[in-house]
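# Results of the structural survey
Chain by chain, the residues run as shown.
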Amino acid sequence: MATDDSKKMTRRTFLKTAAATTAAASPMALAGCKGKGLLGSTEAFALEFQEYFKSHYRLMTEKERKKTVERLERLTKISQDLDIDIDTTGPQENVLYGYAFNVTRCEGYMECVKACVKENNLDRKSNTQYIRIFEMEHGRMSPDQGDGKYFHEVPKEGHFYMGVQCFQCDNPPCVKACPTKATWREPDGLVVVDYDWCIGCRYCMAACPYWGRRFNWNTPEVPKKEINTRQHYLGNRMRGRGMMEKCTFCIQRSRKGKVTACVEACPTGARVFGNLLDPDSEIRFVLENKKVYRLKEDLGTDPKFWYFID
Amino acid sequence: MKKNTLLTNLFSFVKDALIWNLSGSLLYQVFLCGLVCLMLTGVYGYVIQFRTGLAATNMSNIVSWGFYISNFTFLVGVAAAAVMLILPSYVFKDKDLHKVVIIGEVVAVGALVMCMTFVFVDLGRPLQFWHLIPGIGQLNFPSSLLSWDIIVLNGYLALNALVPAYIVFCHYRGKEPVGKYYKPFVFLSIGWAVAIHMVTAFLYQGLPARPFWNNPLMGPRFLASAFAAGPAIICLVLHIVNAATDYKIDTKIFNKLRIIIVSAAIINLLMLFSEIFKEFYFPTHHSLSAVYLFFGLDGHDSLVPWIWTAISINLLGTVILAVNPFKKNQIFLLPALVLLIVGIWIEKGIGLIVPGLVPSPMGEIISYAPSSVELMITCGVVGLGMFVITVLLKPALIIEQRYEQERSG
């Protein structure tokens, strides 16, 4: 009889029971010997424990998603005494995000980089940045021939500027490469990472022809005062050590109908973001009326990021 | 009743294996202690890496794979090379090679253990490795070549561990192994050996983002270099076995292995030449990685002395082995074997992985050299591999020798 029951037990229920039992037992066990565990408090330990056994984001039910969000919010409250709000808004109907970059207008102020770092809670310790701006000599057209480390007054005579970030390819090589399906393309075109499912093998990084991915070599650090508390599970929530991350076109903003932080910050209006399926959108106007081009078209990755010249 | 004796046999088999492993000359004990020290160095390094993250290595967002993956790539070749003994001894019924096939298989097991450990220590989140296991995790099969690699490496480990284990256990009980129980797996393992190295090559070859790797010659060249370096390592192990144990190895065997090594090494050099021709006859934007490797770019030339050393000693080793100036005593070929192994290790390890990643897709050029933590962990993994080979080989050879004597005597 007992064996019959255990055979019927699915993986999910097994993990759930295992996690719940241990989670209930471990605080008691820990409280018995020390009162404070390795992770600061017994409650945090129990939450971390349950987090360890949680499933892939795409396999979770709505209820499970709510639970993990609660756990993550509570963990931040315990560790940093900070109230964060993690959103799980899904893709909207009839939306496909696209981006266009006006090469003529950009003057290399890098306000977009600054806004991105703040908005997406990027690691300040290793100076992680999703956006790179390359200073290009006239006559060049590919950022790999430009200077991505310029440090002087801009704009510089005889130069123009090109911004590069994740291009949210429609045929993304990174997704194909990932051995655990921890990164995928959402129906609205965003390529996202389930940070907690990533094992940190960095195969996606080798597969990306645009250098669009960043790895957390150390535990990322953001000063408490600067943490953006409006977060998305697949977006700017705090990452941990050993996880891959990338630009998501500010999923926490775009899925709420707002433009990305880089677009908002750009002082020259060089950045255009919008819904490719909306015939009245600015991005559609750019694609229909300007001469546009994309990087490394020959690879067939089909990026949703176009450059154009006024 | 029958099952019971099998169990008792298995128990005494394990017990005897343990005793044989722990007993031995003073030199053997010192050797074992040395291996344990190496492994402890690795554990120390890994503790540091585990606490600080992969920031403890010199890898970065540009060189995102380094020394670990380099060594992994080389060792997959060593593992695959066992097939060069298995094929002639089981398929062509070569009596001489049949005597040493067990040694080849054990070296393959050791190499595979090292491969998997190298991949494991390279993971950013090793505790989450269960996400790969189908059933409780999600394996991206067949889309991801890494998932293919995980499957073929584990399968090959199983084949190379279980087939010899069965044969040795039969011999331990003084029985002849039953062909139909293990022969199908032997034939499977021959194809599988080619598969592990082709799949590992495809891992790199399948990335259009990296022109240096995105090259159809990669797979065949991996095989050629593997069938040179792998048998060379097996040859070294045979020399050690010959000198340190009563299990005597015939000169004929060394000669046969030498011919295998030389043929593979020559094919490897031909393919290398073909690659160099393609990169430098009409250099394109895609040749920058090769320029970086062979001549350096923007003052970053840390790999240059390595690759030229590799090519020189590769050539020298191949020539010595081909000419074979010491016909009588094969032991004088040892330096040539070492030259060839080191040459292929550099060329296929760090000389393959790092230039694939530099210049980055955004044109950035940096230098990479392993950090002390990476070196310590690498020592540990190599120690582990040698330990595995030693503890598997020692009882296996004792059993084989006994069985031979019983049959002849």
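Residues numbered from 1 in each chain as written. Chains lettered and ligands numbered in written order. Predicted model: local features only at pLDDT ≥ 70, side-chain atom pairs only at ≥ 80, totals over all residues. Heavy atoms only, no water.

## A look at the overall build of chain A
- Looking only at helices and strands, chain A features 10 helices and 12 strands.
- When contacts within chain A are restricted to residue pairs at least 6 apart in sequence, those whose partners lie at least 24 apart make up 65%. (Helix = DSSP H or I, 4+ residues; strand = E, 2+ residues; numbered from the N terminus. Contact = heavy atoms within 4.5 Å.)

## Quick word on the sheet that holds strand β12 (residues 305-309) of chain A
Residues and elements named next belong to chain A.
- Spatial ordering of the open sheet is given by β10-β2-β12-β11, a layout of four strands whose pairing is mixed. Two strands in the sheet have a free side with no partner beyond their single neighbour: β10 (271-275) and β11 (291-293). For this sheet, the mean angle separating the axes of adjacent strands, direction not counted, is 30°.
- Sheet analysis places strand β2 (residues 97-102) next to β10, joined by five bridges and oriented antiparallel. Bridging from a neighbouring strand, Tyr97 pairs with Asn275 of β10.
- Across the sheet, helix α10 (residues 282-289) is in contact with β2, β10, β11 and β12; its angle to β10 comes to roughly 110°. (Pairing = 2+ DSSP bridges. Axes fitted to C-alpha atoms, helices over the stretch in contact; angles between N-to-C directions.)

## Re the pattern of salt bridges
Residue and element names in this part refer to chain A.
- Evaluated as defined, the whole model comprises 32 salt bridges over all chains.
- Put simply, Asp310 and Arg105 hold a salt bridge, and the shortest N to O gap is 3.8 Å. Separated by 205 residues along the polypeptide, Asp310 in the segment after β12 and Arg105 in the loop between β2 and α5 (111-119) bring together distant segments of the chain.
- On the basis of relative accessibility, which here comes to 48%, the residue Asp310 falls in the partly exposed class.
- A cluster of three or more residues bridged by salt bridges with shared partners is formed by Glu51, Lys54, Arg71, Asp196 and Arg237. (Salt bridge = Lys/Arg side-chain N within 4 Å of Asp/Glu carboxyl O. Buried < 20%, exposed > 50% of the residue type's maximum accessible area, 1.4 Å probe, protein only.)

## Some thoughts on a nonpolar patch on the surface
All names here are of chain B.
- Together, Leu7, Leu10, Val14 and Leu18 line one region of the surface with nonpolar side chains, adding up to about 370 Å² of accessible area.
- Checked against the element boundaries, Leu10 lands in helix α1 (residues 2-22).
- Residue Leu10 is classed as partly exposed on the basis of its relative accessible area, which comes to 40%. (Patch = residues over 30% accessible without salt bridge, like charges linked within 9 Å, V, L, I, M, F, W, Y side chains within 5 Å. Areas by Shrake-Rupley, 256 points an atom, 1.4 Å probe, with all protein chains shown as cover.)

## Concerning the confidence of the model for chain A
Residues and elements named next belong to chain A.
- Here chain A shows a mean pLDDT of 90. Residues at 70 or above account for 87%.
- Across residues 1-9 the pLDDT falls below 50, and counting only partners more than four positions away or on other chains, this stretch makes two contacts in the model.
- For the stretch residues 23-37, pLDDT sits under 50, and the model shows 14 contacts to residues farther than four places along the chain or on other chains. (pLDDT = per-residue confidence, 0-100.)

## Details of helix α11 (residues 304-323) of chain B
Residue and element names in this part refer to chain B.
- Spanning 20 residues, α11 covers 29 Å between terminal C-alpha atoms, matching the ideal 28 Å at 1.5 Å per step.
- Of all the positions in α11, only Val304, Ile307, Ala310, Ile311, Ile313, Asn314, Gly317, Thr318 and Leu321 are classed as buried.
- Along its buried surface, α11 packs onto α9 (251-281), α10 (288-294) and α12 (334-348).
- Directly beyond the C-terminal end of α11, a positive phi value near 55° is found at Asn324. (Expected span 1.5 Å × (residues − 1).)

## A word on the packing of α12(B) against helix α13 (residues 350-357) of chain B
All names here are of chain B.
- The contact between α12 and α13 brings their axes to 3 Å, and the two run at 15°. Judged by the inter-axis angle, α12 sits roughly parallel to α13. Contacts from Trp345, Ile346, Glu347 and Lys348 of α12 reach α13 at Ile350, Gly351 and Leu352.
- Across the contact of α12 with α13, the residue classes break down as four nonpolar, one polar and two charged. (Parallel < 35°, antiparallel > 145°, perpendicular 65-115°, else oblique. Nonpolar A, V, L, I, M, F, W, Y, C, P; charged D, E, K, R; others polar.)

## Here's the deal with the domain arrangement of chain B
All names here are of chain B.
- Under the domain assignment, chain B is made up of domain 1 (30-57 + 372-394) and domain 2 (58-370).
- Using C-alpha coordinates to define each centre, domain 1 is positioned 20 Å away from domain 2.
- Counting from both sides, the interface comprises 20 residues of domain 1 and, opposite them, 25 residues of domain 2.
- Both faces combined, the contact of domain 1 with domain 2 buries some 1800 Å², and carbon together with sulfur accounts for 76% of it.
- For the pair domain 1 and domain 2, the number of links is zero salt bridges.
- Seen at the junction of domain 1 and domain 2, the total is five residue pairs in polar contact (both at pLDDT 80 or more).
- If you list the elements that add at least two residues to the side of domain 1 that touches domain 2, you get α2 (26-52) and α14 (372-408). (Domains from an automatic or database assignment. Buried area = accessible area lost by both parts, 1.4 Å probe. Polar contact = N/O pair within 3.5 Å; in protein donor to acceptor, adjacent residues only side chain to side chain.)

## Observations regarding the interface of chain A and chain B
- The interface of chain A with chain B comprises 45 residues on the first partner and 48 residues on the second.
- Roughly 4000 Å² of surface becomes buried between chain A and chain B when both sides are summed, with 57% attributable to carbon and sulfur atoms.
- Our count for the chain A to chain B interface comes out at two salt bridges.
- A salt bridge links Asp122(B) to Arg202(A), with the nearest nitrogen and oxygen atoms 2.7 Å apart.
- Those elements that provide at least two residues to the side of chain A that touches chain B are β3 (132-137), α6 (173-177), α7 (203-207) and β7 (213-215) of chain A.

## Here's the deal with the domain arrangement of chain A
Residues and elements named next belong to chain A.
- We note that the domain assignment places domain 1 (2-83) and domain 2 (89-310) within chain A.
- At the interface, 14 residues of domain 1 touch 14 residues of domain 2.
- Together, the buried faces of domain 1 and domain 2 total about 1200 Å²; carbon and sulfur atoms form 64% of this surface.
- Taken together, domain 1 and domain 2 are joined by one salt bridge.
- Its salt-bridge partner being Asp196, residue Lys54 comes within 2.6 Å of it at the nearest N-O pair.
- Inspection of the domain 1/domain 2 interface yields six residue pairs in polar contact (both at pLDDT 80 or more).
- Counting residues per element, the side of domain 1 that touches domain 2 draws most heavily on helix α4 (residues 62-80), at four residues.

## Focus: unusual backbone geometry
- Following Phe141(B), the chain continues to Pro142(B) via a peptide bond in cis, the omega torsion being 5°.
- Its location among the elements puts Pro142(B) in the loop between α5 (95-122) and α6 (145-172).
- Looking along the chain, the bond that leaves Val358(B) and enters Pro359(B) is cis, with omega of -5°.
- One non-glycine residue with positive phi stands out, namely Gln168(A), at about 45°.
- Mapped onto the secondary structure, Gln168(A) falls in the loop between β4 (159-164) and α6.
- By relative accessible area, Gln168(A) is classed as buried at 0%.
- Unlike most non-glycine residues, Lys93(B) shows phi in positive territory, near 55°.

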